[in-house]
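Per-entry structural report
In case you want the letters, here they are:
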Amino acid sequence: YAPVLGAAVAIAVAAVVPFSATIVGADLDVGVLYLLAVGAIGVLPVFAIGNEGLGTSRSPGNYSETLSVGAVDRSRRVPQFSSSVRFNRDQDPAQPDVLAPGVNIISAKPGGGYTSMDGTSMATPHVAGVAALLWQARPDATVDQIELAIRQTCTKLEGEDPARYGDGLINPLAALAALTGAQR
């Protein structure tokens, strides 16, 4: 319901509807239709890729219509749990698209208080937050411009297999400069 509330960034760490459901008599998946619809009205769907490691991914994070997020630790290493996979498809075959901090992240816990957690679900809010800040800096930007600014400015990880990190670790300041043309 993010578009109804006027949100420009939709973040989800677990699917509420079965994204593998299909419409009877149609070739398009319900999840794809949803993601196309939110993108068309100016919402960037940002999803966690999953926590099952190399060669795996989770829906809807593995849909080409999303900005998928994997995890990285403080040493700029991809943890074993962070999912990554390459699909046999033309559009966006390598997943995840980007990485963000996802190890030892302080998070609220059920019942109150805080705890340290690991996971791509801990990394995803970092990317959604960067997207929101980019829209704050340039409210007229399109979904594609925001996503491109984030993806094209990522930092590659030395010593890591590129198949594990997509475009790399997000670089918020570089993304801001790329989007606005401002010098860093």
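Here is a short report on the structure shown in this document. (Residues numbered from 1 in each chain as written. Predicted model: local features only at pLDDT ≥ 70, side-chain atom pairs only at ≥ 80, totals over all residues. Heavy atoms only, no water.)

Further remarks concern the nonpolar core. Soluble globular proteins tend to pack their nonpolar side chains together in the buried interior. With 22 residues, the main nonpolar core has Leu44, Val98, Val127, Leu134, Ile146, Ile150 and Ile170 as its most contacted residues. Among the elements of the structure, β2 (44-48), β3 (67-72), β6 (98-101), α2 (120-137), α3 (143-152) and α4 (172-180) are those that each provide at least two residues to this core. Counting residues per element, this core draws most heavily on α2, which supplies six residues. Counting residues in hydrophobic clusters, the runner-up holds six residues, among them Val78, Leu99, Tyr165 and Leu169. (Core = buried A, V, L, I, M, F, W, Y, C linked by side-chain atoms within 4.5 Å. Buried < 20%, exposed > 50% of the residue type's maximum accessible area, 1.4 Å probe, protein only. Helix = DSSP H or I, 4+ residues; strand = E, 2+ residues; numbered from the N terminus.)

Further remarks concern the pairing of β2. Burial within β2 is extensive, with five of its five residues counted as buried. Across the two faces of β2 the burial is the same, with Leu44, Val46 and Ala48 and Pro45 and Phe47 all buried. Relative to β3, β2 is paired through three bridges, and the arrangement is parallel. Within β3, the position partnered with alanine 48 by the bridge is valine 69. (Pairing = 2+ DSSP bridges.)

Interpretation note: all reported values are geometric properties and have no functional meaning in isolation.
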